[in-house]
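Here is what each chain is made of, one letter per residue.
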Amino acid sequence: MQRGGIELATLTNLDLSRAQRAHARHYSVGDVVRFRRGSGKLGVAPGSYATVEASDLRRNLLKIEIEDGAVVEYAPARFKGVEVFRKESRTLACGDRIQFRAPDRVLGVANGEFATVIAIDGSQARLRTDKGRELAAANARLRHIDYGYASTSHASQGATVDRVIVNIDTERSVRLVNRRQFYVSLSRARHDARIYTDNAEALARTVAREQLKPTALENLSLAQRRALRKFRPFDVEDSFAARLKQGIRPEQKLQRSRGIRW
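Residues numbered from 1 in each chain as written. Predicted model: local features only at pLDDT ≥ 70, side-chain atom pairs only at ≥ 80, totals over all residues. Heavy atoms only, no water.

Draft legend 1. Representation of the pattern of salt bridges within the structure. Tallied over the full model, the rule gives 16 salt bridges. Among the salt bridges present, the one from arginine 126 reaches glutamate 134, with a minimum N-O distance of 3.3 Å. Connected through salt bridges with shared partners, the residues Glu88, Arg90, Arg101 and Asp146 form a single ionic network. (Salt bridge = Lys/Arg side-chain N within 4 Å of Asp/Glu carboxyl O.)

Spelled out as structure tokens, the structure:
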């Protein structure tokens with residue numbers, strides 16, 4: 001890599017849930033809202049951006065500056081199909097590795113695709129993707145990128161590389177470090193995989209953990225379960241008919257003529 005480099009303005013997705021995006025308190029001044037769908041009322045086109053200028057928490061409203069410079073009121077609870085980003089910056093030089101964090105149809109790149117900077121100046125960059133394709137892009141277009149030297153196991157699914165270096169922190173929760181994550185991380189390599197960890201003795205136990213998706217009831221405490229008036233736990237060994245019968249009131253039971261005997 002060359003010394004120095006060019007600083008680019010980038011956007012980092014805040015990954016707000018739908019419920020969070022509906023409340024003004026989850027936005028900060030300077031955040032960027034991207035509208036996947038257009039709005040004639042706001043005067044924004046599909047794919048356009050707006051910057052948060054102020055927030056009114058009592059009325060749950062935001063003031064945003066859209067791309068033509070106009071400032072309009074935006075009710076986040078009334079709009080769907082938006083993403084929220086925070087402004088950051090990345091300094092890139094020839095030889096740097098980058099990863100696209102959003103698809104770009106104009107450039108023909110997919111979300112998660114990697115590329116290497118082969119030339120860059122104050123206005124544009126030339127990139128070579130890992131598939132061998134070269135492309136030129138204006139610096140202003142490279143808003144949804146990040147350094148491509150490391151990625152999460154989730155983001156690397158489907159990718160194949162010559163060598164893999166896996167960092168595993170055994171103090172992390174089972175949601176982050178588990179059997180599936182360990183398999184995905186190691187299986188990306190063609191030729192060589194190396195593991196770095198904070199505790200070699202605990203490593204085997206940590207990566208052997210299973211992370212099963214819990215049901216809604218499993219996330220409740222025992223006291224919360226008992227408070228549910230209609231919840232009656234049953235033995236999984238009970239017959240199907242007995243379990244079905246448990247959840248149906250007498251007036252709802254099927255007639256014998258329908259083929260089920262109680």
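Draft legend 2. Seen up close, a negative patch on the surface. A surface patch of like charges, here negative, comprises Glu53, Glu65, Glu67 and Asp68. Of note, aspartate 68 is situated in the loop between strand E4 (61-66) and strand E5 (71-74). Residue classification places aspartate 68 among the exposed positions, given a relative accessible area of 61%. (Patch = residues over 30% accessible without salt bridge, like charges linked within 9 Å, V, L, I, M, F, W, Y side chains within 5 Å. Areas by Shrake-Rupley, 256 points an atom, 1.4 Å probe, with all protein chains shown as cover. Lys, Arg positive; Asp, Glu negative; His and termini not counted. Charge placed at Lys NZ, Arg CZ, Asp CG, Glu CD. Helix = DSSP H or I, 4+ residues; strand = E, 2+ residues; numbered from the N terminus. Buried < 20%, exposed > 50% of the residue type's maximum accessible area, 1.4 Å probe, protein only.)

Draft legend 3. Inspection of the confidence of the model for the protein chain at higher detail. Across the protein chain, the average pLDDT comes to 84, with 85% of residues at 70 or higher. Here residues 251-257 is a poorly scored stretch, pLDDT under 50, and it has seven contacts once near neighbours within four places are set aside; other chains count. (pLDDT = per-residue confidence, 0-100. Contact = heavy atoms within 4.5 Å.)

Draft legend 4. Highlighting the sheet that holds strand E10 (residues 134-138). Read across the open sheet, the five strands follow the order E10-E9-E8-E7-E11; overall the sheet is antiparallel. Because the sheet does not close on itself, it has two edges, and the strands there are E10 and strand E11 (145-147). Here the average twist between neighbouring strands, direction ignored, is 40°. Where strand E7 (residues 97-100) lies against E11, three bridges are found, and the strand directions are antiparallel. Its bridge partner lying in E11, isoleucine 98 is registered against tyrosine 147. (Pairing = 2+ DSSP bridges. Axes fitted to C-alpha atoms, helices over the stretch in contact; angles between N-to-C directions.)

Draft legend 5. Expanded view of the pairing of strand E3 (residues 48-56). Bridge count between strand E2 (residues 32-35) and E3: four bridges; the pairing is antiparallel. Looking across to E3, one finds that arginine 34 is bridged to tyrosine 49. Between E3 and E4, which pair antiparallel one after the other, the connecting turn spans four residues, and asparagine 60 there sits at a positive phi close to 55°.

Draft legend 6. Structural context of the sheet that holds E2. Sheet architecture is open: six strands sit in the order E1-E6-E2-E3-E4-E5, paired in antiparallel fashion. The open sheet has two edge strands, strand E1 (6-13) and E5, and neither has a second partner. Each strand of the sheet is rotated relative to its neighbour by a mean of 40°, with strand direction disregarded.

Draft legend 7. Layout of the environment of valine 32. Residue position: valine 32 is located in strand E2. In sequence terms valine 32 and valine 84 are 52 residues apart; their C-alpha atoms lie 5.7 Å from each other. Setting aside its immediate chain neighbours within four residues, valine 32 contacts Leu11, Tyr49, Ala50, Thr51, Glu83, Val84, Phe85 and Lys87.

Draft legend 8. Geometry of the side chain of serine 185. Tracing the sequence through the fold places serine 185 in helix H2 (residues 179-186). When sequence neighbours within four positions are dropped, the list of residues in contact with serine 185 reads Ser153, Val164 and Val166.

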